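Spelled out from the first residue to the last, the chains are:
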Amino acid sequence: MKLHELRDNPGATKSKKRVGRGPGSGKGKTAGRGIKGQKSRSGVALNGYEGGQMPLYMRLPKRGFNKPNRKKFAVVNLGLIQKFIDAKTLDAKKEITEDVLVETGVVRRKLDGVRILAKGDITAKVKLNVTGASKSAIEAVEKAGGTLTVAAAAE
């Protein structure tokens, strides 16, 4: 086989339908859109329109509630902290605060505070001081011989 013998499988590619290119094309003049009416015009979106009947999305009841002033925490897993300690980016001997986590690049921004979760395992003896933490994360840090202080109560 040579380069000039390479071909796509028959029927694998199909040429684009060129509409509105004269009567000989079979899709000339109205370009297959019929005559007049909303759908023959350009820039028409009739998604969810059901011919005047109340649309499905309006017939179904509303569900749920989004708290407008809810707190959004930056989430950090214990495994990630351990990875940064192993890479010597974080110093396990010093106290690790939220500002330290931002400086070292563990978390991009603090948002309403940093919350520690227990995914991954931690072996280093660390002293963490953050806004929030899961119960299992606190247990895991204490099991490794460190301390995890939660500064403000996470609502």
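Our subject is the structure that appears above.
What counts, and where the lines are drawn
- Every chain's residues receive numbers from 1 upward, in the order its sequence appears when written.
- Only residues with pLDDT of 70 or above have their local features reported here, since the model is predicted, and side-chain atom pairs are shown and tallied only from 80 upward, although totals for entire chains, interfaces and linings are computed over all residues.
- Excluding hydrogens and water, the side-chain figures rest on all heavy atoms present in the structure.
- Classification of residues uses two cut-offs on accessible area relative to the type maximum, computed with a 1.4 Å probe and protein chains only: under 20% is buried, over 50% is exposed, and between them is partly exposed.
- Runs of E in the DSSP output that reach at least two residues are strands. Runs of H or I that reach at least four are helices, and both are numbered from the N terminus.
- When DSSP finds two or more bridges between two strands, those strands count as paired.
- Nonpolar cores were defined as sets of buried Ala, Val, Leu, Ile, Met, Phe, Trp, Tyr and Cys residues, with membership established by side-chain atoms within 4.5 Å.
- The contact rule is simple, with two residues in contact once any of their heavy atoms fall within 4.5 Å.
- Where helices are involved, their axes are fitted lines through C-alpha atoms of the stretch in contact, as for all axes, and angles between N-to-C directions lie from 0 to 180°.

Undergrad: Can you help me understand the pairing of strand E1 (residues 74–77) in this one?
TA: Taken residue by residue, a regular strand's side chains alternate between the two faces of the sheet. Residues Ala74 and Val76 of E1 are buried on one face, while the alternating residues Val75 and Asn77, pointing to the opposite face, are not. Looking at chain direction, E1 and strand E3 (residues 114–117) are connected through four bridges and run parallel. By the bridge assignment, Asn77 is partnered in E3 with Leu117.

Undergrad: Help me out: how do you make sense of the nonpolar core in this one?
TA: The nonpolar side chains of a soluble globular protein tend to be buried with one another. Grouped together as the largest cluster of nonpolar side chains are 23 residues, with contacts concentrated most on Ile81, Leu90, Leu101, Val114, Ile116, Val126 and Leu148. In terms of residue count, the dominant contributor to this core is helix H2 (residues 78–86) (four residues). In this structure, Ile81 is in contact with Val76, Leu90, Ile116, Ile122 and Leu128, ignoring residues within four places of it in sequence.

Undergrad: Please explain the sheet that holds strand E6 (residues 147–150) as it appears in this structure.
TA: Where strands meet in a sheet, backbone hydrogen bonds hold them as pairs that are either parallel or antiparallel. Spatial ordering of the open sheet is given by E2-E4-E6, a layout of three strands whose pairing is parallel. In this open sheet, the two edge strands, each paired with only one partner strand, are strand E2 (95–97) and E6. Direction aside, the axes of adjacent strands within the sheet are offset by 15° on average. As paired elements, E2 and strand E4 (residues 127–130) share three bridges and run parallel to each other. Each residue of the ladder has a partner; that of Ile96, found in E4, is Leu128. Running at roughly 145° to E6, helix H4 (residues 135–143) makes contact with E4 and E6 of the sheet.

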